[in-house]
Amino acid sequence: MTHDIQVIGGGLAGSESAWQLAESGHKVRLSEMRGGGDETAAHRTESLAELVCSNSFRSDDADSNAVGLLHSEMRQLNSLIMACADRHKVPAGSALAVDRDAFSQSVTDAIATHPNITLVRERVDALPAGPTIIASGPLTAPALATAIGAETGQDHLAFFDALSPIVHRESIDMDIAWMASRWDKGEGADYINCPMNKAEYLAFHEALLAADKMAFKEWEADTPYFDGCMPIEVMAERGVDTLLYGPMKPVGLDNPKTGHWPWAVVQLRQDNALGTLWNIVGFQTKLKHAEQVRIFRMIPGLQNAEFARLGGLHRNTFIKSPILLDETLRLKSAPRVRFAGQITGCEGYLESAAIGMLAGRFAAAELTGTSMSPPPLTTAFGALLGHITGGADASTYQPMNVNFGLFPPLVLEGKRKKADRKRFYTSRARAAFEGWALTLPRVRPLSPEPAPSAHISVSA
């Protein structure tokens, strides 16, 4: 099948871009190197849109949270990623968490069976000559990264991203741990909570500081961490109380065995639909594997923990988007090329998929000889896109999750409570989004029923 446009990368951004283009009637070649003989430091399967943690989509509250607002906007534009996430969600309080394997398989099936998409398992080393969306992600292959650098004349930037360990549910001691959501929010008691007293916490903190860590490669030595995925041991180095205000904060968690908050709490979140695997929340790490087992078994309730996956760390790559891209994500020096996903400097699976959706929609309009206006800056889509394509200082540009700090400030009379201000942001965004969405061609929603399993892949 000949194609109208090539999408490079089968992650969330690339899958969403390809879907939006295909549903708009365009023929798409989707190139994914996994399954074609190449692997990455983080992925473990050949599925499209593979996730590395369960709670990848974070808050689903569209009334007072920028992330939940972005969920809502993506659903209204018939996002493939959101449809598959909703289909395979697992309990996580007010957050949207998914069964990772079922979610990725659902995306793979939808892409592989689409008549307008050819899925090719191949590594792309050079910029194609025709219309292209590069959604190669934070682990872009070296040859393609070099080709991008040669075209842009810019050095790419990098940061570290880390993975949390996953524990088998049956190995957690529930005589010590208990089920609850912080402040009892959400639909139920969705987290396993492991309490620590002061002495246990101080011993744990000291162990983190003294532990053996995996050494950096020479070319990684000066790469900064992204604060949203700070390794647990790096946080510990910032002060003895740092973890108590981060992933181990005890506030809002009454231990039913004592009737009060512990000194510290380690939370675990369900990682699959069966509830057999649980992710240690916020425990990204660069500790050596043997040290992880030893130290994490110091946590009360995890003293006999069996690990399905230990934590790890990998290097991520992104471009200086505020300098390089126009407001429709086109590369200024080569407008046939668009970028989408984490390589643009957005952070998070949700944000990557959202930028992938916009890139696909922008490209679809251009292929038909029409134009599509960028979303208003007062919407979640617009705020995120604005940050990437011009809202940030390029000299200090760093990955960013969607948040109300990216939105134009509110003009309100008098002081308002924080919760009220958030509702003003979301109500303003809904009004602006509704008007903008009416100008867009409609893409049909994905069927609520899972597509039959299929792997219509073409090997290069």
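Look a little higher up for the structure.
I will try to describe carefully the structure that is included in this document. Computed from a predicted structure; not experimentally measured.

### A look at the pairing of strand β12 (residues 277-280)
With burial as the criterion, each face of β12 is covered, one bearing Leu277 and Asn279 and the other bearing Trp278 and Ile280. Here strand β8 (residues 166-168) runs beside β12; their pairing, made up of 3 bridges, is antiparallel. When the bridges of β12 are listed, Val167 appears paired with Trp278. Both strand β11 (residues 264-270) and β12 contribute to a ladder of 3 bridges, which runs antiparallel. From the neighbouring strand, Gln270 faces β12, where its bridge partner is Trp278.

### Some thoughts on a nonpolar patch on the surface
A grouping of Trp183, Val251 and Trp261 is seen on the molecular surface, where their side chains present a nonpolar patch of about 310 Å² in accessible area. Considering the arrangement of structural elements, one finds Trp261 in the loop between α7 (232-237) and β11. Given a relative accessible area of 38%, Trp261 falls into the partly exposed group.

### A short note on the pattern of salt bridges
Summed over the entire model, instances satisfying the criterion amount to 15 salt bridges. Residue Arg330 is joined to Glu366 by a salt bridge in which the shortest nitrogen-to-oxygen separation is 3.6 Å. Pair noted here: Arg330 is in strand β15 (residues 330-331) and Glu366 is in helix α10 (residues 349-367), with a separation of 36 residues, a long-range link. Classification of Glu366 by relative accessible area gives partly exposed; the value is 37%. Within the structure, one salt-bridge network assembled from shared partners comprises Asp326, Arg330, Arg338 and Glu366.

### Observations regarding unusual backbone geometry
In this structure, Asn78 is a non-glycine residue whose phi angle is positive, near 60°. The phi torsion at Trp183 lies on the positive side, around 60°, for a residue other than glycine. One can find Trp183 in the loop between β9 (178-180) and β10 (191-196).

### Overview of the packing of aromatic side chains
For the coordinates displayed, the defined rule picks out 10 aromatic pairs. Measuring from ring centre to ring centre gives 5.7 Å for Trp183 and Trp261, while their planes differ by 80°; the resulting arrangement is edge-to-face. In this pair, Trp183 is assigned in the loop between β9 and β10 and Trp261 in the loop between α7 and β11, connecting sequence segments 78 residues apart. Taken together, a centroid distance of 6.1 Å and an interplanar angle of 35° make the contact between Phe204 and Phe283 tilted. Residue Phe204 is found in helix α6 (residues 198-210), and its partner Phe283 is found in the loop between β12 and α8 (289-296); the two are separated by 79 residues along the sequence. Overall, the relative accessible area of 0% leaves Phe204 in the buried class. Assessed through its relative accessible area of 0%, Phe283 is described here as buried. An aromatic cluster is defined as three or more aromatic residues linked by ring pairs; in this entry it consists of Phe204, Phe283 and Phe296.

The rules we used
Residues numbered from 1 in each chain as written. Predicted model: local features only at pLDDT ≥ 70, side-chain atom pairs only at ≥ 80, totals over all residues. Heavy atoms only, no water. Buried < 20%, exposed > 50% of the residue type's maximum accessible area, 1.4 Å probe, protein only. Helix = DSSP H or I, 4+ residues; strand = E, 2+ residues; numbered from the N terminus. Pairing = 2+ DSSP bridges. Patch = residues over 30% accessible without salt bridge, like charges linked within 9 Å, V, L, I, M, F, W, Y side chains within 5 Å. Areas by Shrake-Rupley, 256 points an atom, 1.4 Å probe, with all protein chains shown as cover. Salt bridge = Lys/Arg side-chain N within 4 Å of Asp/Glu carboxyl O. Phe/Tyr/Trp six-rings, centres within 6.5 Å; stacked < 30°, edge-to-face > 60°.

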